[in-house]
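Summary of the model geometry
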Amino acid sequence: MNQDQAISWGDLWAAARRAAAEAYAPYSNLSVGAAGLTDNGRTVSGCNVENASYGLTLCAECGLVGDLHRTGGGRLVAVAVTDGDGNPLTPCGRCRQLLYEAGGASCLVNETHTVGDLLPGAFGPDDLP
């Protein structure tokens, strides 16, 4: 994405809400969608997929990162996460780590935070030998 291009948060919120509509959430009844803008201008998305064992549930951000790599990779520059009604949701700790790996500390989340704000002192690829 060109630095001069503005992030269309309205488009990201709409894509996240569309993704939430595809969620599989029979246990919590909390449908979650996530949409991200990549550094080359693509929009990627994901939804939560629950599992009866609970621990195997996949968050929407997991699906988003999978879609990022499935569609050509790159880096996330902005992410919107919402419930099925369009209300913003803050990513859980596991998802903050996924977003750090896929977008770095400067990736914007829900217009108001960066991943670095949500995950200070993060461990990442630069910490490995």
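Up top is the structure.
Described in the following lines is the structure provided in the data block. (Residues numbered from 1 in each chain as written. Predicted model: local features only at pLDDT ≥ 70, side-chain atom pairs only at ≥ 80, totals over all residues. Heavy atoms only, no water.)

Quick notes on the packing of aromatic side chains
Scanning all chains against the criterion turns up two aromatic pairs. Between Tyr27 and Tyr54, the aromatic rings sit 5.9 Å apart at their centres with planes inclined by 75 degrees, giving edge-to-face as the arrangement. Taken together, the residues Tyr27 in the loop between α1 (9-20) and β1 (32-38) and Tyr54 in the loop between β2 (43-47) and α2 (60-70) connect sequence positions 27 residues apart. (Phe/Tyr/Trp six-rings, centres within 6.5 Å; stacked < 30°, edge-to-face > 60°. Helix = DSSP H or I, 4+ residues; strand = E, 2+ residues; numbered from the N terminus.)

Focus on helix α3 (residues 93-103)
Within α3, burial applies to Cys95, Leu99, Ala102 and Gly103. Seen end-on, α3 carries its buried residues on one side only, within an arc spanning 75 degrees. Phi for Gly104, located one or two positions after α3, is positive at around 80 degrees. (Buried < 20%, exposed > 50% of the residue type's maximum accessible area, 1.4 Å probe, protein only. Arc of directions from axis to C-beta.)

As for the environment of His69
Locating His69 in the fold gives a position in helix α2. Relative accessible area serves as the criterion here: at 52%, His69 is assigned to the exposed category. In this structure, the C-alpha to C-alpha distance between His69 and Ala102, residues 33 residues apart in sequence, is 9.3 Å.

Observations regarding the sheet that holds β1
Taken in spatial order, the five strands of this open sheet run β2-β1-β3-β4-β5, and their pairing is mixed. What marks the edges here is a single partner per strand, and that holds for β2 and β5 (113-114). Sheet topology note: the β1/strand β3 (residues 76-83) ladder contains seven bridges and is antiparallel. Bridge pairing in β3 links Leu37 to Ala78. Strands in contact with α2 are β1, β2 and β3; relative to β2, the strand with the most contacts, it is inclined by about 140 degrees. (Pairing = 2+ DSSP bridges. Contact = heavy atoms within 4.5 Å. Axes fitted to C-alpha atoms, helices over the stretch in contact; angles between N-to-C directions.)

Quick word on the pattern of salt bridges
Under the counting rule described, the total for this entry stands at one salt bridge. Here Arg70 and Asp67 are joined by a salt bridge, their closest N and O atoms 2.5 Å apart. Taken together, the residues Arg70 and Asp67, both in helix α2 and three residues apart, mark about one turn of the helix. Relative accessible area serves as the criterion here: at 13%, Asp67 is assigned to the buried category. (Salt bridge = Lys/Arg side-chain N within 4 Å of Asp/Glu carboxyl O.)

Quick look at the packing of α2 against α3
In the contact formed by α2 and α3, the axes pass within 9 Å of each other and the chain directions differ by 20 degrees. In terms of orientation, α2 and α3 fall into the roughly parallel class. Crossing handedness for the pair α2 and α3: left-handed. Along the contact surface, α2 presents Glu61, Cys62, Leu64, Val65 and Leu68, while α3 presents Arg94, Cys95, Leu98, Leu99 and Ala102. Split by residue class, the contact of α2 with α3 holds eight nonpolar, no polar and two charged. (Parallel < 35°, antiparallel > 145°, perpendicular 65-115°, else oblique. Left-handed = near helix turned anticlockwise from the far one by under 90°. Nonpolar A, V, L, I, M, F, W, Y, C, P; charged D, E, K, R; others polar.)

Observations concerning a nonpolar patch on the surface
Taken together, the side chains of Tyr24, Tyr27, Val49, Tyr54 and Leu58 define a hydrophobic patch exposed on the protein surface, amounting to about 510 Å² of accessible area. Inspection of the secondary structure puts Leu58 in the loop between β2 and α2. (Patch = residues over 30% accessible without salt bridge, like charges linked within 9 Å, V, L, I, M, F, W, Y side chains within 5 Å. Areas by Shrake-Rupley, 256 points an atom, 1.4 Å probe, with all protein chains shown as cover.)

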